[in-house]
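Residue-level listing of the chains:
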Amino acid sequence: MSSIEMDHIVKEYGDGFQAVNDVSLDIADGEFMILVGPSGCGKSTLLRMIVGLEDITSGEMRIGGARVNEKAPRDRNLSMVFQNYALYPHLSVYENIAFPLRLSKTPNDEVEKRVNQAADVLELHEHLKRKPANLSGGQRQRVAMGRAIVRDADAFLFDEPLSNLDAKLRGQMRTEIARLQRRLGITTVYVTHDQTEAMTLGDRVCVLRKGLVQQVASPRELYEQPVNLFVAGFIGSPPMNFLPASLEGTALRTPFGDIELGEERAATVRGHDVLLVGIRPEYFEDASLVDEAKKPHGATFTAQVDVTEWLGDAQYAYIPYEAPAEVAEQLKELSEELDSEQLRTQAVVSIDSTSRIREGREAEFWLDTRKIHIFDPKTGDNLTRDAEAGRRLTEMAEEDRVEQMDRERV
Amino acid sequence: MSTREKTLWIIAGILIIIYALFPIAWIISLSLKSSADISNGQFLPTALSWENYRSILVGDASELFLPALRNSFGICLIATAISSVLAMFAAYAIARIDFRGKKIILSTALAVAIFPVIAIATPLYNLWREVGLYDTWPGLILPYLSLTLPISIWTLSAFFREIPWEMEQAAQVDGATPWQAFRKVIVPLAAPGVFTTAIIAFFLAWNDFVYGITLTSTEASRPVPAALGLFSGASQFESPTGPIAAAALIVTIPVVVLVLIFQRRIVAGLTNGAVKG
Ligand SMILES: Nc1ncnc2c1ncn2[C@@H]1O[C@H](COP(=O)(O)OP(=O)(O)O)[C@@H](O)[C@H]1O
Ligand SMILES: [Mg+2]
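All residue numbers refer to position in the chain's written sequence, counted from 1. All chains are assigned letters beginning with A, and all ligands numbers beginning with 1, in the order in which they are written. Since the coordinates come from a predicted model, pLDDT governs what is reported: local features require at least 70, and pairs of side-chain atoms require 80 or more to be given and counted, while whole-chain, interface and lining totals use all residues. The side-chain figures draw on all heavy atoms in the structure; neither hydrogens nor water molecules are used.

Re the sheet that holds strand E13 (residues 257–260) of chain A
Residue and element names in this part refer to chain A. As a reminder, the rule being used: Pairing between two strands requires that DSSP report at least two bridges joining them. Going along the chain from the N terminus, every DSSP run of H or I of four or more residues is numbered as a helix, and every run of E of two or more is numbered as a strand. Helix axes are fitted to C-alpha atoms over the stretch in contact, other axes to C-alpha atoms as well, and angles between N-to-C directions run from 0 to 180 degrees.
Strand order in this open sheet of 5 strands is E13-E12-E11-E14-E21, and the pairing throughout is antiparallel. Each of the sheet's edge strands pairs with one partner strand only, and the pair in question is E13 and strand E21 (373–375). Pairs of neighbouring strands in the sheet enclose a mean axial angle of 40°, with direction left out of account.

Laid out in structure tokens, this is it:
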């Protein structure tokens with residue numbers, strides 16, 4: 001077990017492309033760190049530099065305090081699960097799992113003991129004699145994990161391990177990985193572009209964009225106190241709504257009416273012609289279902305509902321709105337970068353599943369204005385981020401983790 | 001498919017089979033005719049005769065044929081083995097490593113492969129006589145390498161390219177040295193490719209006539225195709241058709257056997273993982 005420290009890591013590929021740009025990241029011993037970001041942002045490159053499959057252009061990588069830049073993969077004692085598993089097709093499941101042990105010339109009875117242990121954990125016993133080609137996706141995935149846990153590696157590295165599985169299996173394997181990591185208490189770096197995996201698995205999440213770190217924080221901090229438009233838009237599903245707005249006195253003028261900010265918050269956002277208000281879908285509610293006591297904390301407005309989606313436990317309403325051309329353009333760019341396919345400027349609103357709001361009609365909505373964030377569209381910065389509150393959220397997550405690990409050790 | 005269509009297909013199939021197998025049947029029939037029977041004007045021998053086989057295996061032609069058979073086997077196997085190993089390393093480098101001059105190596109290999117053998121046979125004859133390689137095994141193995149290496153490198157590098165990079169990287173992360181990763185992961189996965197290539201290489205060498213006839217003069221190194229050309233009939237006026245047919249059949253047998261053995265390996269390799277191990 002070891003910590004992993006990255007110090008101003010840069011990766012420039014042979015063709016001059018900077019895939020990773022000045023990344024500094026400390027991963028604590030036993031921590032589950034997620035690298036997340038849209039496809040092509042340099043997650044895999046960073047992971048492969050940790051494991052030694054990619055040279056580091058500049059910066060320093062330390063594992064357990066020792067510099068590893070010049071070490072070959074086999075000397076770093078890390079184990080990795082590849083996206084397509086990279087199982088050896090000519091070897092049985094047993095020999096696949098035993099492969100790292102065979103290389104280290106482990107005696108046969110020890111190999112047998114360890115492989116059986118791994119097979120116990122991953123429920124692979126009845127498949128040990130089979131060849132990987134005959135296994136289902138989930139079973140192959142487990143064999144790949146078996147190969148990773150069979151030796152005492154200093155850390156586990158995962159590169160999108162679940163992206164080839166169907167949705168149901170993905171959910172199962174996700175909890176399995178989380179449980180395994182807690183149980184073994186081994187430092188883990190997990191690459192994904194799936195924000196659900198990022199939110200559910202990670203102690204901390206590092207959001208990358210075009211090779212640059214945007215924010216490193218606990219999932220809750222990312223969700224509640226994002227540093228910029230990119231993080232705010234990336235984390236959360238359905239994604240955060242961004243409404244164009246302008247400041248009039250202490251009120252924000254938005255397509256859904258005015259939002260009163262109060263003098264203190266208004267001061268922090270003053271001086272920008274155009275602002276973007278970030279509102280998560282669940283900050284909205286059907287006004288007729290909101291407590292009278294709660295109503296003063298928000299704003300009420302009426303809007304034409306385009307489409308509603310009833311999912312049983314939740315319900316979404318889509319409300320189109322007009323946006324100035326330049327803002328619309330920017331929102332389009334952002335949603336393209338986030339791999340989302342929002343075609344029109346519309347707000348997604350989460351309402352109670354019992355709500356009687358119907359498609360094509362006018363309806364009255366309530367919006368909890370306490371939780372909104374306001375962004376500068378030019379820089380993308382979050383102008384209303386409460387760094388102190390964010391820090392507390394991440395500290396809480398860290399305390400939880402330490403407590404959980406202590407419990408596992410007992 | 002209508003019955004009419006089916007019949008047409010069957011007829012076409014039979015025609016093709018006859019076209020392909022008729023010469024072989026003819027050779028078999030010839031090899032079983034006695035020398036008096038050769039020109040009997042009919043396809044089948046009047047009476048089965050083992051005379052031709054006796055002549056090349058124990059009779060007067062055996063002095064020519066048996067050493068040639070030994071030479072052919074030895075020289076071709078050695079040439080195949082060397083070229084397979086060399087081609088494996090070369091193809092691996094070409095498939096995996098980015099180095100300058102990769103294109104040049106590949107196109108040179110192609111150029112060597114299409115260069116007419118007959119054009120270098122004579123210069124080589126002179127050179128070999130100078131350096132003492134004339135009429136020796138190495139004297140044939142070397143030109144055979146030039147025949148077999150280019151095609152081996154090309155086919156093998158295609159095979160290596162098919163093997164995912166990640167397989168090897170996984171092995172390295174698991175603790176393998178580059179050599180161990182090559183030996184324990186790449187070579188087993190490439191085995192079908194290596195066998196296929198080896199077969200092709202073996203045939204190329206086995207079928208060579210020009211080098212065989214030019215660069216040898218005695219039974220010290222003369223291969224079978226060259227020896228067949230030197231068979232003589234019982235008298236000056238009689239052509240040695242029968243013994244040649246018998247010898248042709250005998251040299252075909254190992255080739256067929258080789259294909260059958262290797263084909264097993266190839267199929268086994270290709271379906272690797274699909275069979276219970
Ligand atoms: N060998 C390479 N040579 C040049 N560019 C590369 C190479 N590998 C990856 N890249 C580029 O680096 C960027 C990051 O790649 P990668 O780390 O694989 O992204 P992802 O976040 O999707 O895992 C991509 O834009 C990709 O095109
Ligand atoms: Mg990737």
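Focus: the packing of aromatic side chains
Rule in force here: A pair of Phe, Tyr and Trp rings is counted when the ring centres sit within 6.5 Å of each other, with Trp represented by its six-membered ring. The angle between the planes then sorts it: under 30 degrees is stacked, over 60 is edge-to-face, the rest tilted. Burial classes: relative accessible area under 20% of the type maximum marks a residue as buried, over 50% as exposed, and values in between as partly exposed (1.4 Å probe, protein chains only). Only when the NZ of Lys or the CZ of Arg is both within 6 Å of the ring centre and within 35 degrees of the ring normal is a charge said to sit over the ring.
Overall, the coordinates contain 24 aromatic pairs over all chains when judged by the stated rule. Both rings, one in Phe-156 of chain A and one in Phe-158 of chain A, keep their centres 6.3 Å apart while their planes meet at 85°; by these two values the pair is edge-to-face. The class of Phe-158 of chain A is buried, set by a relative accessible area of 5%. Ring centres of Phe-160 of chain B and Phe-182 of chain B lie 6.5 Å apart, and the angle between their planes is 50°; on these two criteria the pair is classed as tilted. Residue Phe-160 of chain B is located in helix H6 (residues 137–162), and its partner Phe-182 of chain B is located in helix H8 (residues 178–206); the two are separated by 22 residues in the primary sequence. Note on accessibility: Phe-160 of chain B and Phe-182 of chain B belong to one class, buried. Above the plane of the ring of Tyr-223 of chain A lies Arg-280 of chain A, whose end atom (NZ or CZ) is 3.9 Å from the centre.

What to know about the site of ligand 1
Residue and element names in this part refer to chain A. Note the cut-off: Think of it this way: one heavy atom of a residue within 4 Å of a molecule or strand is enough to make that residue near it. By the criterion applied in these results, polar contacts are pairs of N or O atoms within 3.5 Å in which, for protein atoms, one can donate a hydrogen and the other can accept it, and in which residues neighboring in sequence qualify only through two side-chain atoms. In this description, accessible areas are obtained by the Shrake-Rupley approach with a 1.4 Å probe, and a residue is regarded as covered only by the protein chains that are shown. Charged means Asp, Glu, Lys or Arg here, nonpolar means Ala, Val, Leu, Ile, Met, Phe, Trp, Tyr, Cys or Pro, and polar covers whatever is left, Gly included.
The immediate surroundings of ligand 1 are formed by Tyr-13, Asp-15, Phe-17, Ala-19, Ser-39, Gly-40, Cys-41, Gly-42, Lys-43, Ser-44 and Thr-45. Note that an oxygen atom of ligand 1 is positioned 2.5 Å from one of the side-chain N or O atoms of Ser-44. Coverage of ligand 1 by the protein chains reaches 62% of its 560 Å² of free accessible surface. Sorting elements by how many residues they give to the shell around ligand 1 places helix H1 (residues 43–51) first, with 3 residues. For the shell around ligand 1, a count of residues per class yields 4 nonpolar, 5 polar and 2 charged.

Observations regarding the packing of helix H3 (residues 108–122) of chain A against helix H4 (residues 137–149) of chain A
All names here are of chain A. We count it as follows: Every angle not falling under 35 degrees, over 145, or within 65 to 115 is termed oblique; those three ranges are roughly parallel, roughly antiparallel and roughly perpendicular. Crossings are classed by handedness, with left-handed meaning an anticlockwise turn of the near helix from the far one by less than a right angle and right-handed meaning a clockwise turn. Contacts: residue pairs with any heavy atoms within 4.5 Å of one another.
The N-to-C vectors of H3 and H4 enclose an angle of 135°; their axes lie 9 Å apart at closest approach. In terms of orientation, H3 and H4 fall into the oblique class. Crossing angle aside, the handedness with which H3 passes H4 is right-handed. Where H3 approaches H4, its residues Ala-118, Val-121 and Leu-122 are matched on the opposing element by Arg-142, Met-145, Gly-146 and Ile-149. Looking at side-chain class alone, the contact of H3 with H4 contains 5 nonpolar, 1 polar and 1 charged residues.

Purely geometric numbers; function is a separate question.
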